[in-house]
Amino acid sequence: MKESIAKAKILIESLPYIREFSGKTVVIKYGGHAMVDEELKKNFALDVILMKYIGLNPVIVHGGGPQINRFLEKMQITSSYIQGMRVTDGETMDVVEMVLVGKVNKEIVGLINHCGGKAVGLSGRDGDLIQAGKMKLEIRPDDPARPPELIDLGRVGEVIRVNPDILRILDEQDFIPVIAPVGVGDDGQAYNINADLVAGAIASELNAVKLVLLTDVEGVRSSEGALLSTIRGADVEGLVEEGVISGGMIPKVRCCTAALRQGVAKAHIVDGRREHAVLLEIFTHEGIGTEIVK
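Summarised in this report is the structure supplied together with it.

Criteria and thresholds
- Counting restarts for each chain, with residues numbered from 1 along the sequence as it is written.
- With pLDDT at 70 or above as the cut-off, local features in this predicted model cover only qualifying residues; side-chain atom pairs require 80 or more to be listed or tallied, and sums for whole chains, interfaces and linings still use all residues.
- Hydrogens and water molecules were not included; the side-chain quantities draw on all heavy atoms of the structure.
- In this text, helices come from DSSP runs of H or I with a minimum length of four residues, and strands from runs of E with a minimum of two, each type numbered from the N-terminal end.
- Summary of the burial criterion: residues with accessible area below 20% of their type's maximum are buried, those above 50% are exposed, and those between are partly exposed, where the area comes from a 1.4 Å probe applied to protein chains only.
- Only the protein chains shown count as cover for residues, and all accessible areas are computed by the Shrake-Rupley method using a 1.4 Å probe.
- Positive charges come from Lys and Arg alone, negative charges from Asp and Glu alone, with His and the N- and C-terminal ends not counted.
- Here the site of a charge means atom NZ of a Lys, CZ of an Arg, CG of an Asp or CD of a Glu.
- With a 1 Å grid spanning the protein atoms alone, the term cavity applies to any set of points in which a 1.4 Å probe fits but cannot get out, the term pocket to an open set with protein on both sides within 12 Å along at least five of seven lines, and the term lining residue to any residue with an atom within 4 Å of a point.
- Grid points are joined across faces, edges and corners, and a volume is the space filled by probe spheres set on the points.
- Under this grouping Gly is polar, as are all residues other than the nonpolar Ala, Val, Leu, Ile, Met, Phe, Trp, Tyr, Cys and Pro and the charged Asp, Glu, Lys and Arg.
- Salt-bridge detection follows one rule: a side-chain nitrogen of Lys or Arg within 4 Å of a carboxyl oxygen of Asp or Glu.
- Throughout, nonpolar core names a set of buried Ala, Val, Leu, Ile, Met, Phe, Trp, Tyr and Cys residues whose side chains join them through atoms within 4.5 Å.
- A contact between two residues is defined here by any heavy atoms of the two lying within 4.5 Å.

### Some words on the overall build of the chain
Turning to step 1, where the next piece is worked out: Regarding its fold elements, the chain presents nine helices and 16 strands.
Turning to step 2, where the next piece is worked out: When the backbone C-alpha atoms are referred to their principal axes, the chain occupies close to 70 × 45 × 35 Å.
Turning to step 3, where the next piece is worked out: Per-residue burial over the chain gives 48% buried out of 294 residues.
Turning to step 4, where the next piece is worked out: Counting every atom, the chain has about 14800 Å² of accessible surface; 52% of that belongs to carbon and sulfur.
Turning to step 5, where the next piece is worked out: Side chains of the chain carry 33 positive and 41 negative charges; the gap between the two charge centres is 4 Å.

Following this line, the structure appears as structure tokens:
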């Protein structure tokens, strides 16, 4: 009986959040270990379906770096990286698009549908959803007198504009959009775009109530190692300068602050290795990760 009462209390705790977020859009960047572990994959699908049934509008943007790496290795295509970004020539881009759009995207859609949801897979090419431009990377030399070096990353892109029409049509028909981070340029060519950036841009365009980035870490930690449950966007750059936010967490947090500036209400960095991580972050008072607020 005590266990049943505890479950009822959890449902009651979630009620204010269900009421507050009903009819609102939540954009989730799905990546990391949550995309690999079979049990976590199923939990994620069920979480998203539940969100849809109780009135939220979840939009999923997924990554797929490890899957791309495996296919490139099988095809004996060697990747090179500059500042952590994959140099993407035409041949590599063909593999990236094949894996993200043709394999990873359809697996996520299939799992959600199998678990009782209604999902539709998209890439940025569909309905000109993600219009992209070529990313320009500048490397500044040690000598300040020398001009920065402009690096060509090939078909690596950045989001220029999001056309949300197709997403609104799917929402009206109660479908869950699952989006591969491949954009289309003015030249009609496909561009590989960082999934965090795509999720942030889509969240901004849809005026999402939340942007949730699933990662393989618990969130942002203080200099003493304690998990920071809340960070103000105005404090982010100071935390970067102090070294509290470092490495791969820097672009994720900056992605969140950019989304906040563009109208997203809150952003969250959450450990996707936790079962039902999305539900725990959105529908409980304590949450489990780091929320970034205006």
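Once you've had a look at it, read on.
### Remarks on empty space enclosed by the protein
Turning to step 1, where the next piece is worked out: A full pass over the atoms with the stated rule returns one cavity of 30 Å³ or more.
Turning to step 2, where the next piece is worked out: The space that makes up the largest cavity amounts to roughly 70 Å³.
Turning to step 3, where the next piece is worked out: Residue lining of the largest cavity: A34, L40, N43, F44, D47, L214, G272, R274, H276, A277 and V278, and that is the complete set.
Turning to step 4, where the next piece is worked out: Residue assignment for the lining of the largest cavity shows that the elements contributing at least two residues are α2 (38–53) and α9 (277–283).
Turning to step 5, where the next piece is worked out: The element contributing the most residues to the lining of the largest cavity is α2, with four residues.
Turning to step 6, where the next piece is worked out: By residue class, the composition of the lining of the largest cavity is six nonpolar, three polar and two charged.

### Let's talk about the pattern of salt bridges
Turning to step 1, where the next piece is worked out: Taken as a whole and judged by the stated rule, the model has 12 salt bridges.
Turning to step 2, where the next piece is worked out: With its nearest N and O atoms 3.4 Å apart, the salt bridge here joins K29 to D196. Of this pair, K29 sits in strand β1 (residues 25–30) while D196 sits in helix α6 (residues 195–205), placing them 167 residues apart in sequence.
Turning to step 3, where the next piece is worked out: The exposure class of K29 is buried, given its relative accessible area of 10%.
Turning to step 4, where the next piece is worked out: Owing to a relative accessible area of 7%, D196 belongs among the buried residues under this scheme.
Turning to step 5, where the next piece is worked out: The residue R125 makes a salt bridge to E97 at a minimum N-O spacing of 2.6 Å. In this pair, R125 is assigned in the loop between β5 (119–123) and β6 (130–134) and E97 in helix α4 (residues 90–114), connecting sequence segments 28 residues apart.
Turning to step 6, where the next piece is worked out: When its relative accessible area of 19% is taken as the criterion, E97 is described as buried.
Turning to step 7, where the next piece is worked out: Each of K29, D196 and K252 takes part in a single network of salt bridges with overlapping partners.

### Description of the nonpolar core
Turning to step 1, where the next piece is worked out: Core analysis: the biggest nonpolar cluster contains 43 residues, and I28, M51, I112 and L214 have the highest contact counts within it.
Turning to step 2, where the next piece is worked out: Those elements that place two or more of their residues in this core are α1 (2–21), β1, α2, α3 (65–74), α4, β10 (176–180), β13 (210–215) and α9.
Turning to step 3, where the next piece is worked out: Sort the elements by how many residues they give to this core and α4 lands first, with 10 residues.
Turning to step 4, where the next piece is worked out: Leaving out residues up to four positions away in the same chain, I112 has contacts with A45, I49, I60, G117, K118, A119, I176 and V178.
Turning to step 5, where the next piece is worked out: V162, A195, V264 and A267 belong to the second largest nonpolar core, which has 39 residues in total.

### Points about the environment of D235
Turning to step 1, where the next piece is worked out: Topologically, D235 is positioned in the loop between β14 (230–232) and α7 (236–242).
Turning to step 2, where the next piece is worked out: Overall, D235 belongs to the partly exposed group, its relative accessible area being 33%.
Turning to step 3, where the next piece is worked out: Through-space distance from the C-alpha of D235 to that of K210 is 19 Å; in sequence the pair is 25 residues apart.

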